[in-house]
Every structure is written in structure tokens, then in C-alpha cells.
Amino acid sequence: MAGPVTFLGRVRRWDESKPGGLAVVDIPAGLVPELGGRRQYRVEGTLNGAPFGGSTMLVAGGGFAVGVSKASLGAAKADVGDEVALVIAPAAR
């Protein structure tokens, strides 16, 4: 199994024109191969030390990100614009 990877990232809106919409954290390009490549899948791990689960997604322009729910942000005491610490790996099937 691929991962886990550890990195710092900034929480941002998937679509800045939708203030209440999906929040994401971009995954550094160098870590994508360690997670198993650029495909969509579930991940699990921690967000600022709080248990976390989300899904990866392709970003326009060639990037890769993980979606972060409002509940996960709350548990991690984080918000859009904050830098967060993530430890993620593909979820066990």
C-alpha cells in the first residue's frame, strides 16, 4: 500500500466564487507518487493531529488536492486560509 505522507498545506476554497463551498488542501507534487499516483481515492490520517478522512481530486492545471469537510476543519481547529499539518495515506479497503 502507498503512503503515508506528511506535509503542511493551506486550506483554500475549491471554488473561490462559492464562499460556503468545498475546502481543499493541495498535495505537494513530489508526494503524489508516494500516495499511489494521480487518481481519485479515499484517504485517511490526521489533520492537525485530529482523525481525518477525505477524497483526493484532480485540480485544473495539473494539481492534486484532498477535500476537507467542515467537520474535519472543526475537529482540527482550523479554517479556510489556515496552514495545517496533514498525515494521509490511501484508506484501507
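Here is what the cut-offs are and how they apply
Residues numbered from 1 in each chain as written. Predicted model: local features only at pLDDT ≥ 70, side-chain atom pairs only at ≥ 80, totals over all residues. Heavy atoms only, no water. Phe/Tyr/Trp six-rings, centres within 6.5 Å; stacked < 30°, edge-to-face > 60°. Helix = DSSP H or I, 4+ residues; strand = E, 2+ residues; numbered from the N terminus. Buried < 20%, exposed > 50% of the residue type's maximum accessible area, 1.4 Å probe, protein only. Core = buried A, V, L, I, M, F, W, Y, C linked by side-chain atoms within 4.5 Å. Contact = heavy atoms within 4.5 Å. Salt bridge = Lys/Arg side-chain N within 4 Å of Asp/Glu carboxyl O. Pairing = 2+ DSSP bridges. Axes fitted to C-alpha atoms, helices over the stretch in contact; angles between N-to-C directions.

Let us look at the packing of aromatic side chains. One pair of aromatic rings is described through two measures. These are the centre distance and the angle between the planes. The full count for this structure, using the stated rule, is one aromatic pair. Here the aromatic rings of Tyr41 and Phe64 are separated by 6.2 Å at their centres, their planes lie at 55°, and the arrangement is tilted. With a gap of 23 residues between them, Tyr41 in the loop between β2 (23-26) and β3 (42-47) and Phe64 in strand β5 (residues 63-68) connect regions that are remote in the sequence. The buried category is assigned to Tyr41, whose relative accessible area is 10%. For Phe64, a relative accessible area of 2% corresponds to the buried category.

Attention shifts here to the nonpolar core. Phe7, Val25, Ile27, Leu47, Phe52, Leu86 and Ile88 are the most contacted members of the largest nonpolar core, which has 23 residues in total. Among all residues touching Phe7, those that are not within four sequence positions of it are Val25, Asp26, Ile27, Pro28, Leu31, Val84, Ala85, Leu86 and Ile88.

What follows is about the pattern of salt bridges. Between side chains of opposite charge, pairing is possible as soon as their charged atoms come close. Summed over the entire model, instances satisfying the criterion amount to one salt bridge. In this structure, Arg12 and Asp26 form a salt bridge, with 2.8 Å as the shortest nitrogen-oxygen distance. Here Arg12, found in strand β1 (residues 5-13), pairs with Asp26, found in strand β2; they are 14 residues apart in sequence, far enough to count as distant.

Turning our eyes to something else, we now look at the sheet that holds strand β6 (residues 83-90). The pairing of strands in a sheet happens through backbone hydrogen bonds and is either parallel or antiparallel. Within the closed barrel, the six strands sit side by side as β1-β2-β5-β4-β3-β6. Their pairing is antiparallel. Strand after strand, the sheet turns through a mean of 45° between neighbouring axes, direction not considered. Bridge count for β3 against strand β4 (residues 50-59) is six bridges, and the pairing is antiparallel. If you follow Gly45 over to β4, its bridge partner there is Phe52.

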